[in-house]
Amino acid sequence: RENFVHLCNPHLEKMKEDILYHFALGTGTHDFPALFGDVKFVCVGGSPSRMKAFIAYIAEELGLGSPAGDYPNICAGTDRYAMYKVGPVLSVSHGMGIPSISIMLHELIKLLYHAKCSNITIIRIGTSGGIGLEPGSVVITRQSVDATFKPQFEQVILGKTVIRSTNLDEQLAKELMQCSKEINQFNTVIGNTMCTLDFYEGQGRLDGAICLYNEEEKLQYLKEAYDSGVRNIEMESSVFAAMCNLSGVKAAVVCVTLLNRLEGDQISSSHDVLVEYQQRPQKLVGYFIKKCLGKV
(Lines give C-alpha, C1' and ligand atoms only; values in the text may rest on other atoms or scores of the structure.)
Protein backbone atom coordinates (compact mmCIF):
# COMPACT_ATOMS: atom_id res chain seq x y z
CA ARG A 1 0.00 0.00 0.00
CA GLU A 2 1.30 3.42 -0.93
CA ASN A 3 1.44 6.01 1.85
CA PHE A 4 1.80 9.49 0.44
CA VAL A 5 3.01 12.54 2.35
CA HIS A 6 0.09 14.42 3.92
CA LEU A 7 0.02 18.22 3.94
CA CYS A 8 -1.86 19.90 6.79
CA ASN A 9 -2.37 23.08 4.75
CA PRO A 10 -5.42 23.62 2.49
CA HIS A 11 -4.04 26.97 1.28
CA LEU A 12 -1.34 25.33 -0.84
CA GLU A 13 -3.93 23.98 -3.29
CA LYS A 14 -4.83 27.56 -4.28
CA MET A 15 -1.24 28.53 -5.13
CA LYS A 16 -0.17 28.50 -8.78
CA GLU A 17 3.47 28.06 -7.76
CA ASP A 18 5.17 27.01 -4.54
CA ILE A 19 8.60 28.56 -4.04
CA LEU A 20 10.79 26.68 -1.55
CA TYR A 21 12.84 29.78 -0.85
CA HIS A 22 15.44 28.31 1.52
CA PHE A 23 16.14 25.42 -0.91
CA ALA A 24 16.26 27.71 -3.98
CA LEU A 25 13.72 25.37 -5.62
CA GLY A 26 10.20 25.95 -6.90
CA THR A 27 7.38 24.08 -8.60
CA GLY A 28 7.39 26.63 -11.42
CA THR A 29 11.09 26.17 -12.17
CA HIS A 30 11.77 22.53 -11.27
CA ASP A 31 10.12 19.20 -12.14
CA PHE A 32 9.77 17.76 -8.63
CA PRO A 33 8.45 14.29 -9.64
CA ALA A 34 11.32 13.87 -12.12
CA LEU A 35 13.94 15.08 -9.66
CA PHE A 36 12.71 13.45 -6.46
CA GLY A 37 9.88 11.03 -7.29
CA ASP A 38 11.98 7.92 -6.59
CA VAL A 39 13.08 9.02 -3.10
CA LYS A 40 12.23 6.53 -0.32
CA PHE A 41 14.75 7.47 2.37
CA VAL A 42 15.56 10.96 3.61
CA CYS A 43 18.43 11.47 6.05
CA VAL A 44 18.84 14.84 7.71
CA GLY A 45 21.64 16.16 9.90
CA GLY A 46 23.10 19.40 11.15
CA SER A 47 26.10 20.17 8.98
CA PRO A 48 26.35 20.31 5.17
CA SER A 49 29.74 18.56 5.20
CA ARG A 50 28.38 15.65 7.25
CA MET A 51 25.43 15.19 4.90
CA LYS A 52 27.73 15.29 1.88
CA ALA A 53 29.92 12.66 3.54
CA PHE A 54 26.82 10.56 4.19
CA ILE A 55 25.67 10.65 0.56
CA ALA A 56 29.16 9.59 -0.58
CA TYR A 57 29.10 6.77 1.97
CA ILE A 58 25.63 5.52 1.03
CA ALA A 59 26.42 5.75 -2.69
CA GLU A 60 29.32 3.35 -2.22
CA GLU A 61 27.30 1.07 0.08
CA LEU A 62 24.50 0.80 -2.52
CA GLY A 63 26.93 0.37 -5.42
CA LEU A 64 25.82 3.65 -6.98
CA GLY A 65 29.06 5.61 -6.73
CA SER A 66 32.38 6.03 -4.98
CA PRO A 67 33.47 8.23 -2.04
CA ALA A 68 35.48 10.31 -4.49
CA GLY A 69 32.49 10.78 -6.80
CA ASP A 70 30.89 14.09 -7.62
CA TYR A 71 27.73 14.72 -5.63
CA PRO A 72 26.45 18.20 -6.51
CA ASN A 73 24.55 20.28 -3.99
CA ILE A 74 20.96 20.49 -5.28
CA CYS A 75 20.48 23.64 -3.17
CA ALA A 76 23.58 25.40 -4.51
CA GLY A 77 21.47 28.50 -5.15
CA THR A 78 21.29 29.18 -1.40
CA ASP A 79 23.71 28.99 1.53
CA ARG A 80 21.01 28.07 4.06
CA TYR A 81 20.87 24.30 3.51
CA ALA A 82 22.63 21.67 1.43
CA MET A 83 20.92 18.76 -0.32
CA TYR A 84 22.39 15.69 -2.03
CA LYS A 85 20.78 12.72 -3.76
CA VAL A 86 21.85 9.29 -4.91
CA GLY A 87 19.31 6.69 -6.04
CA PRO A 88 16.39 6.56 -3.59
CA VAL A 89 18.28 8.44 -0.84
CA LEU A 90 18.09 12.17 -0.15
CA SER A 91 20.55 13.76 2.28
CA VAL A 92 19.75 17.23 3.65
CA SER A 93 21.41 19.52 6.21
CA HIS A 94 19.20 21.28 8.75
CA GLY A 95 21.48 23.59 10.73
CA MET A 96 21.38 23.84 14.51
CA GLY A 97 18.33 24.12 16.73
CA ILE A 98 14.54 23.91 16.45
CA PRO A 99 14.00 27.07 14.33
CA SER A 100 16.50 25.99 11.69
CA ILE A 101 15.29 22.40 11.30
CA SER A 102 11.66 23.58 11.39
CA ILE A 103 12.14 25.84 8.36
CA MET A 104 13.95 23.05 6.50
CA LEU A 105 11.24 20.49 7.32
CA HIS A 106 8.39 22.70 6.09
CA GLU A 107 10.07 22.91 2.69
CA LEU A 108 11.28 19.29 2.67
CA ILE A 109 7.79 17.94 3.42
CA LYS A 110 6.33 20.12 0.64
CA LEU A 111 9.09 18.93 -1.72
CA LEU A 112 8.20 15.27 -1.03
CA TYR A 113 4.51 16.06 -1.50
CA HIS A 114 5.02 17.88 -4.82
CA ALA A 115 7.27 15.03 -6.00
CA LYS A 116 4.43 12.55 -5.23
CA CYS A 117 6.79 10.46 -3.08
CA SER A 118 5.30 7.51 -1.19
CA ASN A 119 6.35 5.23 1.67
CA ILE A 120 8.97 7.69 2.88
CA THR A 121 11.21 7.12 5.89
CA ILE A 122 12.94 10.18 7.37
CA ILE A 123 15.81 9.70 9.81
CA ARG A 124 17.73 12.39 11.66
CA ILE A 125 21.36 11.37 12.16
CA GLY A 126 23.40 13.51 14.49
CA THR A 127 25.42 14.08 17.63
CA SER A 128 24.28 14.57 21.19
CA GLY A 129 25.30 14.66 24.81
CA GLY A 130 24.76 11.35 26.59
CA ILE A 131 23.43 10.79 30.10
CA GLY A 132 24.79 7.71 31.84
CA LEU A 133 26.25 6.28 28.63
CA GLU A 134 29.82 5.79 27.47
CA PRO A 135 30.88 8.32 24.81
CA GLY A 136 30.36 6.86 21.36
CA SER A 137 27.11 5.11 22.31
CA VAL A 138 24.27 5.47 19.80
CA VAL A 139 20.77 6.39 20.99
CA ILE A 140 17.68 5.53 18.96
CA THR A 141 14.95 7.85 20.21
CA ARG A 142 11.74 6.38 21.64
CA GLN A 143 10.19 9.77 22.42
CA SER A 144 11.50 13.28 22.25
CA VAL A 145 10.82 15.08 25.53
CA ASP A 146 11.11 18.73 26.50
CA ALA A 147 13.29 20.15 29.28
CA THR A 148 10.63 19.15 31.84
CA PHE A 149 10.68 15.55 30.48
CA LYS A 150 7.23 15.78 28.85
CA PRO A 151 6.80 14.10 25.42
CA GLN A 152 5.54 17.19 23.67
CA PHE A 153 6.52 20.08 21.41
CA GLU A 154 5.11 23.44 22.43
CA GLN A 155 4.78 26.27 19.92
CA VAL A 156 3.02 29.65 20.00
CA ILE A 157 0.86 30.09 16.87
CA LEU A 158 -1.27 33.22 16.40
CA GLY A 159 -0.62 34.08 20.03
CA LYS A 160 -1.89 30.73 21.33
CA THR A 161 0.15 27.85 22.72
CA VAL A 162 -0.19 24.70 20.62
CA ILE A 163 1.09 21.36 21.97
CA ARG A 164 1.97 18.51 19.62
CA SER A 165 2.96 14.89 20.18
CA THR A 166 6.62 13.90 19.81
CA ASN A 167 6.30 10.11 19.67
CA LEU A 168 8.41 8.41 17.01
CA ASP A 169 7.68 5.25 15.03
CA GLU A 170 8.09 2.37 17.49
CA GLN A 171 8.47 -0.34 14.83
CA LEU A 172 11.12 1.67 12.97
CA ALA A 173 13.08 2.11 16.21
CA LYS A 174 12.98 -1.67 16.78
CA GLU A 175 14.15 -2.33 13.20
CA LEU A 176 17.08 0.07 13.67
CA MET A 177 17.96 -1.60 16.97
CA GLN A 178 18.00 -4.99 15.25
CA CYS A 179 20.29 -3.57 12.57
CA SER A 180 22.71 -2.39 15.25
CA LYS A 181 22.76 -5.89 16.76
CA GLU A 182 23.56 -7.33 13.33
CA ILE A 183 26.39 -4.82 12.79
CA ASN A 184 27.65 -5.39 16.36
CA GLN A 185 30.23 -2.59 16.23
CA PHE A 186 29.12 -0.15 18.95
CA ASN A 187 26.80 0.16 21.94
CA THR A 188 23.25 1.14 20.94
CA VAL A 189 20.21 1.79 23.15
CA ILE A 190 16.61 2.88 22.70
CA GLY A 191 15.75 5.73 25.05
CA ASN A 192 14.12 9.12 25.36
CA THR A 193 15.88 12.14 23.93
CA MET A 194 15.62 15.53 25.61
CA CYS A 195 15.32 18.38 23.13
CA THR A 196 16.35 21.78 24.45
CA LEU A 197 16.26 25.35 23.15
CA ASP A 198 19.91 26.01 23.99
CA PHE A 199 23.30 24.28 24.17
CA TYR A 200 24.44 25.82 27.47
CA GLU A 201 21.99 26.80 30.24
CA GLY A 202 19.15 24.83 28.63
CA GLN A 203 21.24 21.67 28.94
CA GLY A 204 22.52 22.44 32.44
CA ARG A 205 26.10 23.17 31.42
CA LEU A 206 28.46 24.96 33.81
CA ASP A 207 30.75 26.35 31.09
CA GLY A 208 28.62 28.95 29.27
CA ALA A 209 28.98 32.73 29.42
CA ILE A 210 26.10 32.78 31.91
CA CYS A 211 25.47 30.20 34.66
CA LEU A 212 23.50 30.98 37.83
CA TYR A 213 23.26 27.45 39.31
CA ASN A 214 25.83 25.15 40.92
CA GLU A 215 27.21 21.72 40.06
CA GLU A 216 25.04 19.95 42.62
CA GLU A 217 21.88 21.44 41.07
CA LYS A 218 23.08 20.49 37.60
CA LEU A 219 23.76 16.87 38.55
CA GLN A 220 20.42 16.56 40.35
CA TYR A 221 18.64 17.74 37.18
CA LEU A 222 20.55 15.36 34.89
CA LYS A 223 19.89 12.44 37.25
CA GLU A 224 16.18 13.29 37.22
CA ALA A 225 16.35 13.26 33.43
CA TYR A 226 18.04 9.84 33.49
CA ASP A 227 15.46 8.46 35.92
CA SER A 228 12.68 9.63 33.56
CA GLY A 229 14.20 7.61 30.71
CA VAL A 230 16.30 10.29 29.01
CA ARG A 231 19.55 8.95 27.57
CA ASN A 232 20.74 11.89 25.48
CA ILE A 233 20.24 15.61 24.84
CA GLU A 234 20.12 17.50 21.54
CA MET A 235 18.26 20.45 20.00
CA GLU A 236 16.11 19.29 17.07
CA SER A 237 14.19 16.08 17.80
CA SER A 238 10.95 17.51 19.22
CA VAL A 239 9.87 19.58 16.22
CA PHE A 240 11.21 16.86 13.91
CA ALA A 241 8.96 14.25 15.55
CA ALA A 242 5.96 16.59 15.70
CA MET A 243 6.13 17.62 12.04
CA CYS A 244 6.72 14.08 10.75
CA ASN A 245 3.72 12.88 12.81
CA LEU A 246 1.44 15.53 11.30
CA SER A 247 2.66 14.68 7.79
CA GLY A 248 2.13 10.94 8.16
CA VAL A 249 5.80 10.14 7.60
CA LYS A 250 7.68 7.34 9.40
CA ALA A 251 10.52 8.94 11.32
CA ALA A 252 13.43 8.10 13.61
CA VAL A 253 16.23 9.92 15.39
CA VAL A 254 19.63 8.22 15.62
CA CYS A 255 22.32 10.20 17.48
CA VAL A 256 25.75 9.30 18.79
CA THR A 257 26.78 10.60 22.22
CA LEU A 258 30.02 12.62 22.26
CA LEU A 259 30.35 12.65 26.06
CA ASN A 260 28.66 11.55 29.28
CA ARG A 261 27.16 14.71 30.77
CA LEU A 262 27.24 13.20 34.28
CA GLU A 263 31.03 13.39 34.03
CA GLY A 264 31.53 16.80 32.45
CA ASP A 265 30.36 19.48 30.02
CA GLN A 266 33.16 19.97 27.51
CA ILE A 267 33.81 17.70 24.55
CA SER A 268 37.46 16.72 25.03
CA SER A 269 37.90 13.69 22.74
CA SER A 270 40.41 14.05 19.90
CA HIS A 271 39.30 15.08 16.41
CA ASP A 272 39.92 11.60 15.03
CA VAL A 273 37.83 9.97 17.78
CA LEU A 274 34.97 12.43 17.21
CA VAL A 275 35.05 11.78 13.45
CA GLU A 276 34.75 8.03 14.10
CA TYR A 277 31.89 8.61 16.56
CA GLN A 278 30.02 10.74 14.01
CA GLN A 279 30.25 7.92 11.47
CA ARG A 280 28.35 5.50 13.73
CA PRO A 281 24.81 6.79 13.01
CA GLN A 282 25.74 6.83 9.31
CA LYS A 283 26.85 3.19 9.47
CA LEU A 284 23.69 2.13 11.29
CA VAL A 285 21.31 3.98 8.98
CA GLY A 286 23.31 2.93 5.92
CA TYR A 287 22.96 -0.71 6.94
CA PHE A 288 19.22 -0.20 7.56
CA ILE A 289 18.75 1.27 4.07
CA LYS A 290 20.73 -1.58 2.48
CA LYS A 291 18.62 -4.11 4.37
CA CYS A 292 15.37 -2.45 3.24
CA LEU A 293 16.59 -2.58 -0.34
CA GLY A 294 17.62 -6.23 -0.06
CA LYS A 295 21.33 -5.48 -0.41
CA VAL A 296 22.49 -7.07 2.87
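Residues numbered from 1 in each chain as written. Predicted model: local features only at pLDDT ≥ 70, side-chain atom pairs only at ≥ 80, totals over all residues. Heavy atoms only, no water.

- The chain goes by Uridine phosphorylase in an unreviewed UniProt entry, where it is assigned to Halcyon senegalensis.
- The chain has a UniProt comment under Catalytic activity (unreviewed entry) that states "uridine + phosphate = alpha-D-ribose 1-phosphate + uracil".
- As recorded by UniProt, the Function (unreviewed entry) comment attached to the chain reads in full: "Catalyzes the reversible phosphorylytic cleavage of uridine to uracil and ribose-1-phosphate which can then be utilized as carbon and energy sources or in the rescue of pyrimidine bases for nucleotide synthesis. Shows broad substrate specificity and can also accept deoxyuridine and other analogous compounds." (UniProt positions renumbered as here; feature names shortened; annotations may be inferred.)

**Some details on the environment of Thr127**
In step 1: With respect to the helices and strands, the residue Thr127 is situated in strand β6 (residues 121-130).
In step 2: Its relative accessible area of 22% is what places Thr127 among the partly exposed residues.
In step 3: Remark: the alpha-carbon pair of Thr127 and Val139, spanning twelve residues in sequence, is separated by 9.6 Å. (Helix = DSSP H or I, 4+ residues; strand = E, 2+ residues; numbered from the N terminus. Buried < 20%, exposed > 50% of the residue type's maximum accessible area, 1.4 Å probe, protein only.)

**Some thoughts on the UniProt feature "binding site: substrate" (unreviewed entry) in the chain**
In step 1: Per the UniProt record, "binding site: substrate" (unreviewed entry) is found at Gln203 and Arg205.
In step 2: Topologically, Gln203 is positioned in the loop between β10 (188-195) and α5 (215-227).
In step 3: Judged by relative accessible area, which is 3%, Gln203 ranks as buried.
In step 4: Leaving out residues up to four positions away in the same chain, Gln203 has contacts with Thr196, Asp198, Leu222, Ile233, Glu234, Met235 and Arg261.
In step 5: Following the sequence through the fold, Arg205 ends up in the loop between β10 and α5.
In step 6: According to the relative accessible area criterion, Arg205 is buried, its value standing at 2%.
In step 7: If we ignore the near neighbours within four places in the chain, the residues touching Arg205 are Phe199, Tyr200, Cys211, Tyr213, Leu259, Arg261 and Asp265. (Contact = heavy atoms within 4.5 Å.)

**Describing the nonpolar core**
In step 1: Ranked by size, the top nonpolar core spans 41 residues in total, and within it Phe23, Val42, Leu108, Leu111, Leu112 and Phe240 carry the most contacts.
In step 2: By residue number, the principal contributor to this core is helix α3 (residues 98-114), which donates eight residues.
In step 3: Here Phe23 is in contact with Cys75, Thr78, Tyr81, Met83, Val92, Met104, Glu107, Leu108 and Leu111, once residues within four sequence places are set aside.
In step 4: One finds Cys43, Ala59, Ala82 and Val254 within the second-largest nonpolar core, a separate group that totals 37 residues. (Core = buried A, V, L, I, M, F, W, Y, C linked by side-chain atoms within 4.5 Å.)

**Overview of the pairing of strand β4 (residues 83-86)**
Along any regular strand the residues' side chains alternate between the sheet's two faces.
In step 1: The sheet contact formed by β4 and strand β5 (residues 89-93) spans four bridges and is antiparallel. In the strand pairing of β5, Val86 is matched with Val89.
In step 2: A loop of two residues connects β4 with β5, the two strands running antiparallel in sequence, and Gly87 in this loop sits at a positive phi of about 55 degrees. (Pairing = 2+ DSSP bridges.)

**Quick look at the pairing of strand β7 (residues 138-145)**
In step 1: By the criterion of burial, β7 is predominantly enclosed, with six of the eight residues buried.
In step 2: Note: β7 against β10, six bridges, orientation parallel. Paired with Val139 across the two strands is Val189, which belongs to β10.
In step 3: Sheet topology places β7 next to strand β12 (residues 250-260); three bridges connect them, and they run antiparallel. Note that in β12 the partner of Val139 across the bridge is Cys255.

**Observations concerning the environment of Gly264**
In step 1: You can see Gly264 is positioned in the loop between β12 and α7 (271-292).
In step 2: Spatially, the C-alpha atom of Gly264 lies 17 Å from that of Val230, the residues being 34 residues apart in sequence.
In step 3: Aside from chain neighbours lying at most four places away, what touches Gly264 is Lys218 and Leu259.

**Details of helix α4 (residues 170-183)**
In step 1: For α4, built from 14 residues, the straight-helix expectation of 20 Å at 1.5 Å per residue is met to within 8% by its first-to-last C-alpha distance of 20 Å.
In step 2: Elements in contact with the buried residues of α4: β6, β7, β10, β12 and α7.
In step 3: Sitting at the amino-terminal end of α4 is Asp169, which places a side-chain oxygen 3.2 Å from the backbone nitrogen of Gln171.
In step 4: Immediately beyond the C-terminal end of α4, within one or two residues, lies Asn184, with a positive phi of roughly 55 degrees. (Expected span 1.5 Å × (residues − 1). Polar contact = N/O pair within 3.5 Å; in protein donor to acceptor, adjacent residues only side chain to side chain.)

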